[in-house]
Amino acid sequence: MSAEVPPAFDPAAPLTPTGNLRRRRAFSRFAEWAATGAAIFAVGVLAIVVLGVIGHGASALSLDFLLKGEPNGIGPALLGTAEIVAIATLIAAPIGILIALFLSEFGAGRFARIIKLTLDLMNGLPSIVIGVFVFILIVEAQETQSGFAGSVALAIIMLPIVARGTMEILALVPSSLREAADALGVSRWRTTLTVILPSALGGILTSTVLAVARAAGETAPLLLLSSVYDGGRASLNPFEALPNIPTTIYRLAESPSPGALSEAWGAGFILLSFIMVTSVTARIVLARSREKTAR
Amino acid sequence: MSTAANPAPGVGVPAARDRRRDRRRSLDRLGDVLLYGVCALAALIAVAVLIGLAYLIVHGASPAISKFGLGFLTSTEWQPSFSVFGAGTVLFGTAVSSFFALLLGAPIAIAIGLYLSLLAPKGLRIVISPLVEMLAAIPSVILGFWGLIVLAPFVQKHIEPWLHNNFGFIPLFGPPQTTGSSVFTASLILTIMIVPIIASISRDLFLAVPRDVQDGASALGATRWEVVRGVVLPSTFSGVVAASILGLGRALGEAIAVAQVIGAGEKINVSLFETGDTLAARIANQFPGAITAMHKASLYYLGVILLVISLVANLCAQWIGKRFDYQRAVAK
């Protein structure tokens with residue numbers, strides 16, 4: 001390539017680093033420190049945010065705060081969030097698991113590729129766009145906000161997460177299980193329902209829990225779909241606007257009064273600890289059930 | 001199938017056995033078809049949701065699309081009371097805030113990926129990897145709230161004056177404003193959101209680089225950095241770019257956290273320390289209060305733009321990442 005002639009090798013020269021080598025080593029050490037620093041930075045930011053939420057939020061907690069309604073509690077919002085996320089899970093989990101089954105048991109060819117692409121695109125949709133879609137689909141048609149509309153939006157957010165997680169677990173089910181069932185003359189659907197699904201059940205459940213952890217904190221869709229409510233009244237009817245934690249935090253955060261801010265920190269503390277605990281537990285269980293499934 | 005091939009003597013009456021077998025066979029055929037049908041139906045639902053989503057949003061935006069046309073993209077007028085709308089300001093805010101988030105976030109995230117895959121001792125790696133992913137699990141509303149109460153005042157008091165005093169000759173670093181709600185703060189929050197995404201993907205990419213190629217470079221006298229620069233980064237380049245585009249897509253579409261800290265500005269400002277607005281944040285801020293049909297249709301129009309941007313970003317990431325997936329399949 002280049003016309004440069006490399007310096008002739010002198011076997012008698014001493015084996016000490018020349019200036020150039022010292023510079024290269026120093027740069028390499030600098031790069032190592034920079035990479036380590038970046039990792040420390042990320043962990044530091046996590047610690048600052050989490051400790052900030054704990055520090056401000058823990059003092060707001062009391063039994064009354066958790067059970068009573070507004071102005072001094074978030075009881076109805078907790079119940080509302082639980083309802084919205086539960087209905088979303090009931091919609092997203094079966095469809096997501098069936099899609100994963102389709103892709104891993106029957107899927108090949110062009111249709112399967114389209115489905116995979118659809119899941120990826122769905123996963124990349126901004127949650128506010130999903131909120132706008134469900135607003136037009138349900139809220140505009142019914143002319144009222146509802147917790148159910150929120151559930152549908154959250155279900156769209158959860159669907160690709162459940163499907164992807166289930167697919168990864170199903171791929172770990174040893175093919176010897178399928179082959180053994182085939183050799184015994186068991187039909188496809190019996191194999192799927194009685195052999196493959198049960199052996200992957202633990203992993204499927206934990207990836208659903210991970211999707212729940214993701215959906216519980218989603219605010220943008222709920223801001224459009226279930227944000228005009230009476231925060232003092234608990235409701236079990238999902239076809240009216242349900243109080244919920246994310247929009248409560250969003251609303252209180254804009255308020256100038258220090259009492260509201262402390263409530264927002266309290267609600268944030270509850271939400272963050274729920275999400276952290278569920279996703280950490282789910283990850284640990286998932287790692288274990290992966291090993292178990294693959295065995 | 002084979003159960004009846006060699007009828008053993010004394011097992012049931014032949015006619016009854018045949019009936020049982022036939023019933024079982026037709027049940028099996030039915031079950032297979034049913035299971036396939038249900039699964040395919042679920043898959044079709046996913047496709048239908050995506051198509052329906054695109055159709056309904058474009059349909060909802062059609063009054064604004066037909067009134068403002070493509071001029072909507074460049075017009076900077078947004079006056080709901082006069083029914084005049086244009087996306088220029090928010091497009092600018094979206095581009096600037098996401099660009100700076102990527103500029104700050106991508107190098108940090110790639111460095112974290114390198115640390116986790118090549119430098120960290122195993123014990124530290126299994127602790128730090130999940131912690132970095134935890135950062136992605138923080139809900140945006142909490143991050144935005146923290147940004148508003150804790151980060152924005154800090155940025156306004158310390159970081160912005162410092163940047164202004166030392167680099168004030170660059171128009172980007174104008175005089176700090178009073179609240180700390182600014183495009184700059186929004187970029188910092190977005191940086192925090194995209195770092196874990198890019199970091200965890202690039203960690204997996206770097207882990208898949210074959211060990212013997214790296215050892216070969218070391219044996220030729222390359223320092224650790226030169227191994228990274230000469231072997232690891234070039235062989236994973238397309239994957240890292242795809243990961244960055246995914247992170248960028250996430251930043252472009254983030255509504256809540258940005259709406260909380262960007263200050264809902266109405267003008268295009270060169271200085272990062274002024275307020276601004278993004279596509280998603282504008283929808284989140286104004287949607288609940290939009291009364292006139294044209295205001296709503298214009299917000300839908302912003303949604304259409306956001307949808308197109310996110311689809312394009314994801315398709316790009318897919319297309320660029322495909323090359324990498326192929327390499328990984330070969331490497332395994």
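It should be noted that the structure appears before, not after, this text.
Reference entry: report on the structure contained in this document. (Residues numbered from 1 in each chain as written. Chains lettered and ligands numbered in written order. Predicted model: local features only at pLDDT ≥ 70, side-chain atom pairs only at ≥ 80, totals over all residues.)

**Focus on the overall build of chain A**
The condition that has to hold: Strands here mean DSSP runs of E at least two residues long; helices mean DSSP runs of H or I at least four residues long; both are numbered from the N terminus. Radius of gyration means the value over C-alpha atoms here, while the globule rule gives 2.2 Å times the residue count to the 0.38 power. Buried residues are those with 20 or more other C-beta atoms within 10 Å of their own C-beta, exposed residues have 12 or fewer, and partly exposed residues lie in between; C-beta atoms are placed from the backbone. Residue pairs qualify as contacts under a 7 Å threshold applied to their C-beta atoms, which are placed from the backbone.
Helix and strand content of chain A: eleven helices and zero strands. Each helix and strand of chain A, placed in order from N terminus to C terminus, yields the pattern α-α-α-α-α-α-α-α-α-α-α. For 295 residues, the compact-globule estimate of 2.2 N^0.38 gives 19 Å, and the C-alpha radius of gyration of chain A, at 26 Å, exceeds that figure by more than 25%. Per-residue burial for chain A yields a buried fraction of 47% across its 295 residues. Considering only intrachain contacts with a sequence separation of at least 6, the fraction spanning at least 24 residues in chain A is 79%.

**Describing the overall build of chain B**
Of the regular secondary structure elements, chain B holds ten helices and zero strands. Reading the helices (α) and strands (β) of chain B from amino to carboxyl end gives α-α-α-α-α-α-α-α-α-α. Expected size for 332 residues packed as a compact globule is a radius of gyration near 20 Å; at 28 Å, chain B overshoots this value by more than 25%. Overall, chain B is about 100 × 65 × 35 Å in size when its C-alpha atoms are taken along their principal axes. Here the contacts in chain B between residues at least 6 apart in sequence split such that 76% fall between residues at least 24 apart.

**Remarks on the packing of helix H5 (residues 183-207) of chain B against helix H7 (residues 224-253) of chain B**
All names here are of chain B. Which entries qualify depends on this criterion: Every axis in this analysis is a line fitted to C-alpha atoms, fitted for helices over the stretch in contact. Angles between the N-to-C directions lie between 0 and 180 degrees. Roughly parallel means an angle under 35 degrees; roughly antiparallel, over 145; roughly perpendicular, 65 to 115; everything else is oblique. By definition, turning the near helix anticlockwise from the far helix through less than a right angle yields a left-handed crossing, and turning it clockwise yields a right-handed one. Under this grouping Gly is polar, as are all residues other than the nonpolar Ala, Val, Leu, Ile, Met, Phe, Trp, Tyr, Cys and Pro and the charged Asp, Glu, Lys and Arg.
Remark: H5 packs on H7, axes separated minimally by 9 Å, with the N-to-C direction vectors making an angle of 150°. When the axes of H5 and H7 are compared, the pair comes out roughly antiparallel. Where H5 crosses over H7, the handedness of that crossing is right-handed. For the pair formed by H5 and H7, the contact residues are Leu190, Met193, Ile194, Ile197, Ile198, Ile201, Ser202, Leu205 and Phe206 on the first element and Val232, Thr236, Gly239, Val240, Ala243, Ser244, Leu246, Gly247, Arg250 and Ala251 on the second. Grouping the constituent residues of the contact of H5 with H7 by class yields 13 nonpolar, five polar and one charged.

**Considerations on the environment of B:Val240**
All names here are of chain B. Here Val240 shows up in helix H7. Its 23 C-beta neighbours within 10 Å are what place Val240 among the buried residues. Separated by 34 residues in sequence, Val240 and Phe206 place their C-alpha atoms 9.3 Å apart. Leave out the neighbours within four places in its chain, and Val240 touches Ile110, Ser202 and Leu205.

**With respect to the packing of helix H3 (residues 75-106) of chain A against helix H8 (residues 188-216) of chain A**
If you want to describe how two helices pack, look at the angle between their axes and the distance between the axes. All names here are of chain A. Between H3 and H8, whose axes approach to 9 Å, the crossing angle comes to 140°. It follows that H3 is oblique to H8 by the angle criterion. Judged by the twist between their axes, the crossing of H3 over H8 is right-handed. Of H8, the residues touching H3 (which contributes Thr81, Val85, Ala88, Thr89, Ala92, Ala93, Ile97, Leu101 and Glu105) are Thr192, Ile204, Thr208, Ala211, Val212, Ala215 and Ala216. Taken together, the residues of the contact of H3 with H8 sort by class into eleven nonpolar, four polar and one charged.

**Observations regarding the nonpolar core**
To keep it simple, the criterion reads: What we call a nonpolar core is a set of buried Ala, Val, Leu, Ile, Met, Phe, Trp, Tyr and Cys residues whose membership is set by joining through C-beta atoms within 7 Å.
Ranked by internal contacts, the top residues of the largest apolar core, which has 190 residues, are A:Ile99, A:Met158, B:Ile112, B:Val258 and B:Ala284. Apart from the residues lying within four places of it in its own chain, the contact partners of B:Ile112 are A:Ala38, A:Ala39, A:Ala42, B:Val132 and B:Ala199.

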